[in-house]
Amino acid sequence: MTPFLDIVFDVPLRENPVFSYRMDPKGEAAVGKRVMAPFGRREMTGYVIGERTEPPSGLEDGMIKAIRRVVDEKPIFDESDIELARWMAGYYLCGLGEALATMIPSGRRTGGSVSFPDDAGEIAAQALSLSDEQEKALASITADPKPGEKPLPFYLFGITGSGKTEVFLRSAEAMIRQGKSVIYLVPEISLTHQTAEAIGKRFGSVAATIHSSMSPSKRLAEWLRIRFGEVRIVVGPRSAVFAPLRDLGLIIIDEEHDGSYKSGNTPRYHARQVAMRRAALSGARLVMGSATPSVEAWNLMTTAGSRGKGIIRLDLTRRLSGGSPPEIIPISLEHTEGCLTAELKEEIRKTAQMGRQSILFLNRRGFAYFYHCKQCGYELSCKHCSVSLTYHKSKGRAVCHYCGYSVVPPKACPQCGSLEAGFTGFGTEMIEEETARTFPELRLRRADADTTGRRGSLAETLDVFKAGGIDILLGTQMVAKGLNFPGVRLVGVVLADTGLHLPDFRAAERTFSLIVQVAGRAGRYFPDGKVIVQTFRPNDPAIARACALDVEGFFAAELAQREMLGFPPYTRLIRFTVRAKEAPRAEGAINRLAAIALPLIPPDADVLGPAECPIGIIAGNHRRQIILRGKNMGALHGAAKIIMNTYDKGRDPKTYLEVDVDPVSLL
């Protein structure tokens, strides 16, 4: 029995993160198991990553504490997981224990396995016949790579409804027949349920799903099924990229462009990058897909094959179910009273007369979102966050969507007493009220975070809509992604401009993608689909190209602008955010960090900032940032590590530092 254990903890230690402990008396601890051990004044969960016969140099036998107890009967991670965690810790500049804790479930008890309901969603239980384009794509993905060559990732680029899912499933079946296993990533938990149900029907007991809304014990039970080889295909959102499958042969990333593949907590990993790393370590194939690729993926597709890098593009150009790309019409909101233009009202009426369905989309919940005084310019903002409050008529309160703070809206301007003050703009509640008033005879339902909080309520709404029990479905982005409704003829984008006002270099990309994605819900099975895009900026390039479905034109223009301005994919970014309860502390900390950074950055790099974050206060924390920008990530990494280590030595303990490598959002 080896007397000593190397253990890491879920704490932000980048330097010397491994601690030595004495083995338990029964010798049950082992690499891959969790243990409870004293850590400072607390007892914490630790992860055993190594065993040793001698104490580390400089430590005497009697100085080493013993672990308290062993949590797991069998190991829940192995050497390959530790290797991946080491890569994550190095790339995302976090602690090794933090990376490992992100990868594995936290449950303590094992429960029953997850069952798959009978509803097969939109994936056929039996394989469908393939078009020539699909056959060609499948042959490329499943072909044996040339000897000695690592296969490049593949990208299924195709309009919505062109059959990407069936190619994914056929590729998965081919891998499973070869004795390999498959990870199938989808961007949202709501889509996880839909895809998992269907895959369960198609693949049976060798399929499993894991996601964060499962209970810890259920998640651990599935994790162990996967680790011990009972599972061959795992479905889930970004965390499923860590599923401990044996003989991994294929990773699928559906809707690759989606921002939810990027984690918002430490370590701030991107599932696409982790998938690329896992594929490289295991020799697995990587297949991504979307109708609107990320700018980074599109750029890699244009450079495929150069120096063995890039992504191989596979095109799917036509809808297979009898539909065709919808007619998309931009309509100006200038001089429109209320939320709905005359053109959109007319199309809703016409669609209902045809016995078909409409979707109204707005990426903002609530009734109205901007309290403004016309006399003095006063704005009603959250007292904990530097954002406007959104009026929720059903609650009778103005609510902050970041921290939950709420107040009863004032009847007059709190600053000057003017009665010419109130909320402007509109949210889903206001649209619901106006639509119900305009079309009292039609069945209307709203699907947003306020109406779908109860478990299963979103699935129930979507089921009723799919069965034809709702004429107009009104919702936020949860109705825009990956959902397939045969009865939908019309999609109305109530306000396309929402995201364009954000101070983020990805604003145009997100706006373009969202319009194209939501437009894909219309006319999936019929050639008469129509999309009305309401906007105050009909000539904005992102909106105009989205309405023309000009994907190639949008990416050409966007890449040219990114190159000119020096933003990704032509540069790489590392963002440091400092937060503190007092503004002077945050200001002092970020100025100190910038002073440390400036002499250390590589010659071809620069520092953006220091500056207040676009959202300067969240939940009472003042936020400041600097951004390292350069063309060589290796050089940026090296500088960032020295900067963080130097900063830590004199850090104000009442400030907190966040680091985000390859940030997706700069808000």
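No experiment lies behind these values; they were computed from the predicted model shown.

(A) Local environment of the overall build of the protein chain. If you tally the helices and strands in the protein chain, you get 16 helices and 27 strands. The globule rule puts the C-alpha radius of gyration for 667 residues at 26 Å, and the 26 Å found for the protein chain is close to it. Classification of the 667 residues of the protein chain by burial places 54% in the buried group. In the protein chain, 75% of the contacts between residues at least 6 apart in sequence involve partners at least 24 apart. A total accessible area of about 28400 Å² is found for the protein chain, and carbon and sulfur atoms account for 50% of it. Looking at the protein chain, you have 85 positive and 75 negative side-chain charges, and the mean spots of the two groups are 3 Å apart.

(B) Seen up close, the packing of aromatic side chains. The final tally for this structure, using the stated rule, is 17 aromatic pairs. Between the aromatic rings of F9 and F39, the centroid separation amounts to 4.5 Å while the plane-to-plane angle is 40 degrees, which identifies the pairing as tilted. Taken together, the positions of F9 in strand β1 (residues 4–9) and F39 in strand β3 (residues 34–39) put the pair 30 residues apart, joining distant regions of the chain. The buried category is assigned to F9, whose relative accessible area is 2%. Taking the centre distance of 6.4 Å and the plane angle of 70 degrees together, the rings of F512 and F555 count as edge-to-face. One end of the pair, F512, is in helix α12 (residues 507–519); the other, F555, is in helix α14 (residues 551–565), and 43 residues separate them in sequence. Relative accessible area serves as the criterion here: at 1%, F512 is assigned to the buried category. Through pairs of rings, three or more aromatic residues link up here, namely F157, W298, F512, F554 and F555. Here K74 stacks its cationic end above the ring of F228, 5.0 Å away from the centre of that ring.

(C) The arrangement of helix α4 (residues 164–177) in detail. Taking 1.5 Å of rise per residue, 14 residues should cover 20 Å, and α4 covers 20 Å from first to last C-alpha, within 8% of that figure. Counting buried positions along α4 gives 11 out of 14 residues, so the element sits mostly inside the fold. Phi turns positive, to about 85 degrees, at G179, one or two residues after α4.

(D) How the structure looks around the confidence of the model for the protein chain. Scored by pLDDT, the protein chain has a mean of 87; 91% of the residues are at 70 or more. Across residues 109–122 the pLDDT falls below 50, and counting only partners more than four positions away or on other chains, this stretch makes 36 contacts in the model.

(E) Inspection of the pairing of strand β24 (residues 572–580) at higher detail. Of all nine residues making up β24, seven are buried, and the element is well covered by its neighbours. Where β24 meets strand β26 (residues 621–630), nine bridges bridge the pair, whose relative direction is antiparallel. The residue bridging R572 from the neighbouring strand is G630, located in β26. By the bridge criterion, seven bridges tie β24 to strand β27 (residues 655–661) in an arrangement that is antiparallel. The residue bridging R579 from the neighbouring strand is Y656, located in β27.

(F) Summary view of the pattern of salt bridges. All chains considered together, the criterion is met by 42 salt bridges. R227 is paired through a salt bridge with D78; the nearest N and O atoms lie 3.3 Å apart. Taken together, the positions of R227 in helix α6 (residues 216–227) and D78 in the loop between β5 (69–70) and α1 (79–91) put the pair 149 residues apart, joining distant regions of the chain. For D78, a relative accessible area of 30% gives the class partly exposed. Salt bridges sharing common partners tie together E327, E347, K350, R356, R489, D528 and K530.

(G) The nonpolar core, seen in detail. Formed by 110 residues in total, the largest nonpolar core has its most connected members in F242, V533, I574, F576, L593, I626 and L628. I626 has contacts with I574, R575, F576, I590, L593, A594, A597, V607, L608, G609 and P610, leaving out every residue within four places of it along the chain. Judged by nonpolar contacts, the second largest core, of 23 residues, contains F203, L250, V287 and L316.

(H) Region of interest: the sheet that holds strand β6 (residues 154–158). Reading across the sheet, the seven strands line up as β8-β9-β7-β10-β11-β6-β12 and stay open at both edges, with parallel pairing between neighbours. Each edge of the open sheet carries a strand with a single partner, namely β8 (207–209) and β12 (312–316). If you compare each strand with its neighbour and ignore which way they point, the axes differ by 20 degrees on average. Of the strand pairs in this sheet, β8 and strand β9 (residues 233–236) are connected by three bridges, and their pairing is parallel. Bridging from a neighbouring strand, A207 pairs with I233 of β9.

(I) Just the packing of helix α8 (residues 295–302) against α14, in detail. At a minimum axis separation of 11 Å, α8 and α14 run at an interaxial angle of 100 degrees. As far as their axial angle goes, α14 and α8 are roughly perpendicular. Of the residues in α14, those in contact with V295, W298 and N299 of α8 are V551, E552, F555, E558, L559 and R562. Its residues assigned to classes, the contact of α8 with α14 comprises five nonpolar, one polar and three charged.

(J) Unusual backbone geometry, seen in detail. Between P568 and P569 the backbone carries a cis peptide bond, its omega angle lying at 15 degrees. Its location among the elements puts P569 in the loop between α14 and β24. Of the consecutive residues G609 and P610, the connecting peptide bond is found in the cis state with omega at 10 degrees. For P610, the location among the structural elements is in strand β25 (residues 606–618). For E255, which is not glycine, the phi torsion reads 50 degrees and is therefore positive.

(K) Quick peek at empty space enclosed by the protein. As enumerated under the stated definition, the model contains one cavity of 30 Å³ or more in all. By volume, the largest cavity is sized at about 30 Å³. Around the largest cavity, the lining residues are V8, F9, V11, L13, P17, G95, L96 and G97. If you list the elements that add at least two residues to the lining of the largest cavity, you get β1 and α2 (96–103). When its residues are assigned to classes, the lining of the largest cavity shows six nonpolar, two polar and no charged.

(L) Spotlight on the packing of α1 against helix α7 (residues 271–282). Relative to each other, α1 and α7 sit at 140 degrees, their axes nearing to 11 Å. If you check the angle between α1 and α7, you find them oblique. Taken as a pair, α1 and α7 cross one another with a handedness that is right-handed. On the side of α1, the interface is formed by E83, L84, W87 and Y91, while α7 contributes Q273, V274, R277, R278 and L281. Looking at the contact of α1 with α7, its residues break down into five nonpolar, one polar and three charged.

Thresholds, definitions, all that
Residues numbered from 1 in each chain as written. Predicted model: local features only at pLDDT ≥ 70, side-chain atom pairs only at ≥ 80, totals over all residues. Heavy atoms only, no water. Helix = DSSP H or I, 4+ residues; strand = E, 2+ residues; numbered from the N terminus. Rg over C-alpha atoms; globule rule 2.2 N^0.38 Å. Buried < 20%, exposed > 50% of the residue type's maximum accessible area, 1.4 Å probe, protein only. Contact = heavy atoms within 4.5 Å. Areas by Shrake-Rupley, 256 points an atom, 1.4 Å probe, with all protein chains shown as cover. Lys, Arg positive; Asp, Glu negative; His and termini not counted. Charge placed at Lys NZ, Arg CZ, Asp CG, Glu CD. Phe/Tyr/Trp six-rings, centres within 6.5 Å; stacked < 30°, edge-to-face > 60°. Lys NZ or Arg CZ within 6 Å of the ring centre and 35° of its normal. Expected span 1.5 Å × (residues − 1). pLDDT = per-residue confidence, 0-100. Pairing = 2+ DSSP bridges. Salt bridge = Lys/Arg side-chain N within 4 Å of Asp/Glu carboxyl O. Core = buried A, V, L, I, M, F, W, Y, C linked by side-chain atoms within 4.5 Å. Axes fitted to C-alpha atoms, helices over the stretch in contact; angles between N-to-C directions. Parallel < 35°, antiparallel > 145°, perpendicular 65-115°, else oblique. Nonpolar A, V, L, I, M, F, W, Y, C, P; charged D, E, K, R; others polar. 1 Å grid on protein atoms, 1.4 Å probe; cavity = no way out; pocket = protein on both sides within 12 Å on 5 of 7 lines; lining within 4 Å. Points joined across faces, edges and corners; volume = space filled by probe spheres on them. Left-handed = near helix turned anticlockwise from the far one by under 90°.

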